[in-house]
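Notes for the structure review
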Amino acid sequence: MSTSLIACAIDQKECAIVRMTKSGGNLYNLIESKTLPLGIHNLASGKEKRLLKKLDHHLNEWPDEELALCVGPENYHPLPVSFPANTSAEKYREYCRIEAQYFLSKPEAYDCDCAGYGMKQNGLHEKKMLLFYPAAAIRRVSEHFADSRRLIFSGTPQLPLLHLSRFTAEKQVILEIESNYLLLTESKEGRIEQFSCRETKNRKESEYFTIKELVENPLFRETEVQLTGTLADKAMTRLIQKESSMTLKPLSIPPSLSISNPDKFPISSGVTVKAISTAVMALNEQKRFILFSD
């Protein structure tokens, strides 16, 4: 039996739309893949109608398909917590709202992704990482699409990228360098093992703190580090590799993730990888609305 859906990923300067199916086991088929030179900056600059109109034009080719949506935020505010084990999704939402009241000055302006954190243990409580993010942009996009189709996921790229670590034998390390922050995530089997997030004011700060983070963590010399983000250009990559003596590679789909026709479409861009990972996660959880990772 085959199921299909559409996933859309919106980054700072571009977006990607993919349509995928899953046919038993871990076999995925990429049916369509498109990228557009429009991103979150279009929302911020008052040109959101142009972005949404372009997306509608492509998505309306499949009016009855469910949609999984991920939008890169301006920044993240991470909070490690401990929640009662085997908590329901509704209880998680309640706990996140309570934590937001204590943690944020304007909690109503934020949404939250909740991910498994640290070693998985059998006990009365389990560790989670709450990723609070400014919600205005993603709420506008989500509300727009919810008028015409069912959204089965709406959040940041973090949970979809974390889901990719279920397909890797080794630890997955992703370094994101954006205009306002840098984020380093080490994950395995769908759980965050190490997490570092820092707000940055300019490119020089991004360079300094990225190199510092990599040099001070010897584990990353043994693990492949994937690089993505608006500031992750060739010049930044060369500088980081020179100063840290590490080899970086672009964000990519794990080789063990079986996609039946990867040569038919260009899938190497970071935003396309995020769209594919969103589709894969949603296909694996299609029977329920996704809010949290296990």
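Our structure's up above, just so we're on the same page.
Structural notes, computed from the coordinates. (Residues numbered from 1 in each chain as written. Predicted model: local features only at pLDDT ≥ 70, side-chain atom pairs only at ≥ 80, totals over all residues. Heavy atoms only, no water.)

1. Considering the overall build of the chain
- A tally of helices and strands in the chain yields 8 helices and 14 strands.
- Seen through its C-alpha atoms, the chain measures out along the principal axes to roughly 50 × 45 × 45 Å.
- Carbon and sulfur atoms make up 50% of the accessible area of the chain, which amounts to about 14,200 Å² in all.
- Separation between the mean location of the 38 positive side-chain charges and that of the 37 negative ones in the chain comes to 2 Å. (Helix = DSSP H or I, 4+ residues; strand = E, 2+ residues; numbered from the N terminus. Areas by Shrake-Rupley, 256 points an atom, 1.4 Å probe, with all protein chains shown as cover. Lys, Arg positive; Asp, Glu negative; His and termini not counted. Charge placed at Lys NZ, Arg CZ, Asp CG, Glu CD.)

2. Details of helix H8 (residues 270-284)
- For H8, with 15 residues, the first-to-last C-alpha span of 21 Å sits near the 21 Å given by 1.5 Å per residue.
- A large share of H8 lies buried, amounting to 14 of its 15 residues. (Expected span 1.5 Å × (residues − 1). Buried < 20%, exposed > 50% of the residue type's maximum accessible area, 1.4 Å probe, protein only.)

3. Some points on the sheet that holds strand E9 (residues 172-177)
- The sheet built from 5 strands is open, its strands ordered E11-E10-E9-E12-E13 with mixed pairing. Looking at the sheet topology across the chains shown, the edges are occupied by strand E11 (191-199) and strand E13 (248-250). If you compare each strand with its neighbour and ignore which way they point, the axes differ by 25 degrees on average.
- As paired elements, E9 and strand E12 (residues 225-228) share 4 bridges and run parallel to each other. Opposite Val173, over in E12, you have Val225 as the bridge partner.
- In this fold helix H6 (residues 203-215) packs onto E9, strand E10 (181-188) and E11, with an angle of close to 25 degrees to the strand it touches most, E10. (Pairing = 2+ DSSP bridges. Axes fitted to C-alpha atoms, helices over the stretch in contact; angles between N-to-C directions. Contact = heavy atoms within 4.5 Å.)

4. Section: the packing of aromatic side chains
- Scanning the model with the defined rule gives 6 aromatic pairs in all.
- Where Tyr76 meets Tyr181, the ring centres are 5.5 Å apart and the plane angle is 85 degrees; that geometry is what we call edge-to-face. A residue pair is termed long-range when its members are at least 10 positions apart, and Tyr76 in the loop between strand E4 (67-71) and strand E5 (77-84) and Tyr181 in strand E10 qualify at 105 residues.
- Measuring from ring centre to ring centre gives 5.1 Å for Phe83 and Tyr95, while their planes differ by 40 degrees; the resulting arrangement is tilted. Taken together, the residues span a long stretch of sequence, with Phe83 in strand E5 and Tyr95 in helix H3 (residues 89-103) at a distance of 12 residues.
- You can call Tyr95 partly exposed: its relative accessible area is 22%. (Phe/Tyr/Trp six-rings, centres within 6.5 Å; stacked < 30°, edge-to-face > 60°.)

5. Notes on the side chain of His77
- Along the chain, His77 turns up in strand E5.
- Looking at His77, its side chain comes within polar contact range of the side chain of Asn75, at 3.4 Å. (Polar contact = N/O pair within 3.5 Å; in protein donor to acceptor, adjacent residues only side chain to side chain.)

6. Considering the packing of helix H2 (residues 48-59) against helix H4 (residues 136-146)
- With their axes 12 Å apart at the nearest point, H2 and H4 run at an angle of 40 degrees to one another. On the basis of the axis angle, H2 is oblique to H4. H4 is crossed by H2, and the crossing has right-handed handedness. Every residue of H4 that contacts H2 at Glu48, Leu52, Leu55, Asp56 and Leu59 is listed here: Arg140, Val141, His144 and Phe145.
- Classifying every residue of the contact of H2 with H4 gives 5 nonpolar, 1 polar and 3 charged. (Parallel < 35°, antiparallel > 145°, perpendicular 65-115°, else oblique. Left-handed = near helix turned anticlockwise from the far one by under 90°. Nonpolar A, V, L, I, M, F, W, Y, C, P; charged D, E, K, R; others polar.)

7. Details of the environment of Asn86
- Inspection of the secondary structure puts Asn86 in the loop between E5 and H3.
- Taking relative accessible area as the criterion, Asn86 reaches 77% and is therefore assigned exposed.
- Residues Asn86 and Phe103 lie 17 residues apart in sequence; the distance between their C-alpha atoms is 24 Å.

8. A word on H4
- The complete set of buried residues in H4 reads Ala137, Ile138, Val141, Ser142 and Phe145. All buried residues of H4 project into a common sector of 120 degrees when viewed along the axis, lining one side. (Arc of directions from axis to C-beta.)

9. Some remarks on the pattern of salt bridges
- A full pass over the atoms with the stated rule returns 15 salt bridges.
- In this structure, the salt-bridge partner of Arg203 is Asp233, at a minimum N-O distance of 2.8 Å. In this pair, Arg203 sits in helix H6 while Asp233 sits in the loop between E12 and helix H7 (234-244), placing the two residues 30 residues apart along the sequence.
- The partner of Glu207 in a salt bridge is Lys204, with the nearest N and O atoms 3.9 Å apart. Taken together, the residues Glu207 and Lys204, both in helix H6 and 3 residues apart, mark about one turn of the helix.
- Judged by relative accessible area, Glu207 falls into the buried class, the value being 13%.
- Three or more residues joined by partner-sharing salt bridges are found here, namely Arg203, Lys204, Glu207 and Asp233. (Salt bridge = Lys/Arg side-chain N within 4 Å of Asp/Glu carboxyl O.)

10. Regarding the pairing of E9
- Of all 6 residues that make up E9, 6 are buried, and the element is covered over most of its length.
- With burial as the criterion, each face of E9 is covered, one bearing Gln172, Ile174 and Glu176 and the other bearing Val173, Leu175 and Ile177.

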